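Residue-level listing of the chains:
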Amino acid sequence: MSMTKLTLQIDGRSIETESGRTILEVCKENDITILTMCHLKGITDVGACRLCLVEIEGVSKLMSACTTKVADKMIIRTSTEKIKRYQRITTELFAAERNHVCSVCIANGHCELQKLAYDVKMDHIRYPYLFPQCEVDTSHPLYVLDHNRCIVCTRCVRVCAEVEGAYNWDVMNRGTNVRIISDFNTPWGESITCSDCGKCVEACPTGALWPKAVVQGQLNKAPEFISDLIEKRKMKL
Amino acid sequence: MDSTTKKQIVISPVTRIEGHAKITLQMDDRGQVTEARFHVNEFRGFEKFCEGRLYTEMPVISARICGICPVSHTISSVKACEMIQGVEPTYAGNLLRKLMHIGQNISSHALAFFHLSSPDFLLGYDSDPARRNILGLAEKYRDLAIRGIRLRKFGQEISERITGKKIHAMGIAPGGIAFPLTEENRKALLNWIPEAKETIHIGINVIKKFHDENEAMVKSFSPTPTLYLGTVGSGGQHELYDGKLRFVDEDGIILQDHVDPKRYLEFIAERSVNWSYLKMPYYKPYGFEKGIYRVGPLARLNVASRMKTPEAQAEFEQFKKINNSKPVHGTFYFHYARLIEALSGIEDAEIILNDKLITDKHVQHFARWNNHVGIGCSEAPRGTLFHHYVTENTGKIKKVNLLIATGQNNPAMNRSILDVAQQYIHGDQIEEGMLNRVESAIRCYDPCLSCSTHATGAMPFMVELVDSEGRILKTIAREN
């Protein structure tokens, strides 16, 4: 597909770029901060977390920057009061939906959700906690899946399918009952597709997926390693 | 006796302890106290909600039980995890954990003595309740109060310099610890030793002076004999971190020696009561009535044959003279025992910090789940602490049993309250100072009822004298 040069405006800055790129990509290239959770460079964006919403002049609703392609003469705003309010609401809903207890979480201090809460200055939560009964799947010999800490960003699902090619993870149910499942909802340790590669664990932004070998203070996930791997594979050396 | 003439005194909340509790005193028609109950009216539920978690999370989750003794919970927990994995900690990792445990013991004992209890000794039991606290102490004995606060800081700094966090330290893992100690931090901790020792000696002088000036009160302050449980080393020496259990009777006769903590259920049973969330453990072979035993600093010194370090040994020899080498039963001597332990801890910390391998980088062994059951034990500041886990094949926790020091002292605390209440409370004329003495009996045990709730004398305090119909006969209120 041929690329065409185009000019657009983001937060008052005039920016030149090429067609086919997402607003998020262009923002990142130009050091414009956009909050994200479900985005992981190199894998397909799905616009699930709703944190990267931006205002586009002439469009009545907010659009997710990770799934919206840039267009010529687009006027985009990334940091309005409305956007900030929505980001705060979204973060509070993440926290209220499942059982996130940072103090005892394996990812404490290394968690993207925790960082997000700081970024949006979440000092309290206005919504009632749902306190759902969530399973902790310890059946895998190396890793744990804790649904209490899952925000259903589906980074694990996409990494497993698009990078490892194992297709172990999927999603079942709807709404607050939605759950990440291994194979056809069998214990992870009994999966016949999982290759034990651990990419899903690296990709997970919270303490939902973690290696059994570590304790709090030792977890150090590196999701950027997935992105680097994708780039290296493109080189076909 | 006609039950309609019974009266009851309620002390609620009990102040300057860790947690929330109340005391009820049942009185007969002649105004004599006939029964005392120490109610713990909060419920934590850790044993239940930890079910379903992975066992290696327990050292972190259980640390949140308490903000004063989190390291003890973590140590007991991590030992239980190591039994599940069948792994031993590395030499350096174990030393660092031991050092952190000592630090927490010093910090907790400093809190119990300088912040919570010394206002009674130095300002007086009958002094103004609004000033009978660490702030009141600072007004009158500024240097001592600051020293007490700094001693607590030293204890917490040990944890901070090893793990980066003062209170709920991260990184204590099955097989050792996650972080090695740097040379810079080792030196910084060593620099604290002289000041810490000096502060403890000042504290020891304070308590000894109080003993001398109040001999009758100290000796008669709930001296009811009990059995004692504590941890000792292979030579019977005082131990906090590793070792085996020793039970002694009221005359100091050894009932059980070098018992592996894994066998604790053979010797300890528990009974629940319908008026408290705190269970009533007892020495199983003797049954509930005769099997009341105590744990904690007084118990540890009563079971130990000797201390490990010279300055603490010198004080221990003086302590032993109190009851002619037999166990010291007077509840007031908890304070003295606490300070001797803290002194021992500071000396021990100096030895550990001078160990050539303390900064070794090999701090953790790694292993996987191997066994269903894990039992870990350590001597928390308030006494012997057991963590007992049962797991499924994948390491998921199926059952948790936590036997906490304060729980083990519970039957004895109830008895001490009765002793002191019978000694100081008679008739309807109740002064606030009398009630403070009853509270003080509890404070001797330094009970830890929750996570670090500290009431520095500023909590509302109300005593009601009510008859069995619920009619209030007399009220004494302490304002916020």
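Computed from a prediction, not measured in an experiment: that's the story for all the values here.

A few words on the interface of chain A and chain B. With 20 residues of chain A at the interface, the matching set in chain B holds 20 residues. Here chain A meets chain B over a buried area of about 1600 Å², counting both sides, of which 56% is carbon and sulfur. Across the contact surface, chain A and chain B share three salt bridges. A breakdown of the residues in the side of chain A that touches chain B according to their chemical character gives eight nonpolar, eight polar and four charged.

Turning our attention to the nonpolar core. Counting 92 residues, the largest nonpolar core has Phe319 and Phe332 of chain B as the members making the most contacts within it. Look past the residues within four positions of Phe319 of chain B in its chain and what remains in contact with it is Leu298, Leu301, Asn302, Val328, Tyr333, Tyr336, Ala337 and Ile340 of chain B. Counting 41 residues, the second-largest nonpolar core is a separate cluster that includes Val104 and Leu116 of chain A together with Cys50 and Ile68 of chain B.

Two numbers describe a pair of aromatic rings. These are the distance of the centres and the angle of the planes. All names here are of chain B. For the structure shown, the criterion picks out 19 aromatic pairs over all chains. Taken together, a centroid distance of 5.7 Å and an interplanar angle of 40° make the contact between Phe113 and Phe121 tilted. The same class applies to Phe113 as to Phe121, namely buried. Taken together, the ring pairs in this structure connect Phe113, Phe114, Phe121, Tyr125, Phe210, Phe221 and Phe332 into an aromatic cluster. The ring centre of Tyr241 lies 4.6 Å from the NZ or CZ of Lys79, which sits over that ring. Taking NZ or CZ as reference, Arg271 lies 4.2 Å from the ring centre of Phe288, over its face.

The next thing to look at is helix H14 (residues 405–424) of chain B. All names here are of chain B. Its 20 residues give H14 an end-to-end C-alpha distance of 27 Å, which sits within 8% of 28 Å, the value for a rise of 1.5 Å per residue. Roughly 45° is the biggest bend found in H14, and it falls at Pro411. Burial runs high along H14: 16 of the 20 residues are buried.

Residue and element names in this part refer to chain B. At their nearest, the axes of helix H4 (residues 91–123) and helix H15 (residues 432–445) sit 11 Å apart, and the two run at 140° to each other. Regarding the angle of H4 to H15, the classification is oblique. Crossing angle aside, the handedness with which H4 passes H15 is left-handed. Of the residues in H15, those touching H4 at Leu116, Ser117 and Asp120 are Asn436, Ser440 and Arg443. Grouping the amino acids of the contact of H4 with H15 by side-chain chemistry returns one nonpolar, three polar and two charged.

As a further point, take the sheet that holds strand E10 (residues 209–211) of chain A. A sheet is described by the order of its strands in space; here three strands give the open sequence E6-E7-E10 (chain A), paired in antiparallel fashion. Strands with a single pairing partner mark the edges of an open sheet, and in this sheet they are strand E6 (136–137) and E10 of chain A.

Right, let's get into the domain arrangement of chain A. Residues and elements named next belong to chain A. Splitting chain A by domain gives domain 1 (5–79) and domain 2 (85–220). Here the C-alpha centroids of domain 1 and domain 2 sit 26 Å apart. With 15 residues of domain 1 at the contact, the number on the domain 2 side is 20 residues. Overall, the association of domain 1 and domain 2 removes approximately 1400 Å² of surface from exposure, summing both partners, and the carbon and sulfur fraction of that is 67%. At the boundary of domain 1 and domain 2, one finds zero salt bridges. Counting every contact that joins domain 1 to domain 2 gives six residue pairs in polar contact (both at pLDDT 80 or more). Residue classes in the side of domain 1 that touches domain 2 are distributed as eleven nonpolar, two polar and two charged.

What follows deals with the sheet that holds strand E12 (residues 373–380) of chain B. All names here are of chain B. Strand order in the open sheet formed by three strands is E12-E13-E14, and the pairing between neighbours is antiparallel. Edge strands, defined here as strands with exactly one partner in the open sheet, are E12 and strand E14 (397–403). When strand polarity is set aside, the average angle formed by the axes of neighbouring strands in this sheet is 10°. The pairing of strand E13 (residues 383–391) with E14 spans six bridges and is antiparallel. Its bridge partner being in E14, His388 is matched across the sheet by Asn401. Running at roughly 125° to E13, H14 makes contact with E13 and E14 of the sheet.

All names here are of chain A. Under the counting rule described, the total for this entry stands at 42 salt bridges over all chains. As a salt-bridge pair, Asp146 and Arg149 come within 3.4 Å of each other at their nearest N and O atoms. Looking at Asp146, the relative accessible area reads 0%, which means it is buried. Where salt bridges share partners, they join Arg88, Glu92, Asp123 and Arg126 into one cluster.

Cut-offs used in this document
Residues numbered from 1 in each chain as written. Chains lettered and ligands numbered in written order. Predicted model: local features only at pLDDT ≥ 70, side-chain atom pairs only at ≥ 80, totals over all residues. Heavy atoms only, no water. Contact = heavy atoms within 4.5 Å. Buried area = accessible area lost by both parts, 1.4 Å probe. Salt bridge = Lys/Arg side-chain N within 4 Å of Asp/Glu carboxyl O. Nonpolar A, V, L, I, M, F, W, Y, C, P; charged D, E, K, R; others polar. Core = buried A, V, L, I, M, F, W, Y, C linked by side-chain atoms within 4.5 Å. Buried < 20%, exposed > 50% of the residue type's maximum accessible area, 1.4 Å probe, protein only. Phe/Tyr/Trp six-rings, centres within 6.5 Å; stacked < 30°, edge-to-face > 60°. Lys NZ or Arg CZ within 6 Å of the ring centre and 35° of its normal. Helix = DSSP H or I, 4+ residues; strand = E, 2+ residues; numbered from the N terminus. Expected span 1.5 Å × (residues − 1). Bend = angle between axes of the 7 residues up to and from the residue. Axes fitted to C-alpha atoms, helices over the stretch in contact; angles between N-to-C directions. Parallel < 35°, antiparallel > 145°, perpendicular 65-115°, else oblique. Left-handed = near helix turned anticlockwise from the far one by under 90°. Pairing = 2+ DSSP bridges. Domains from an automatic or database assignment. Polar contact = N/O pair within 3.5 Å; in protein donor to acceptor, adjacent residues only side chain to side chain.

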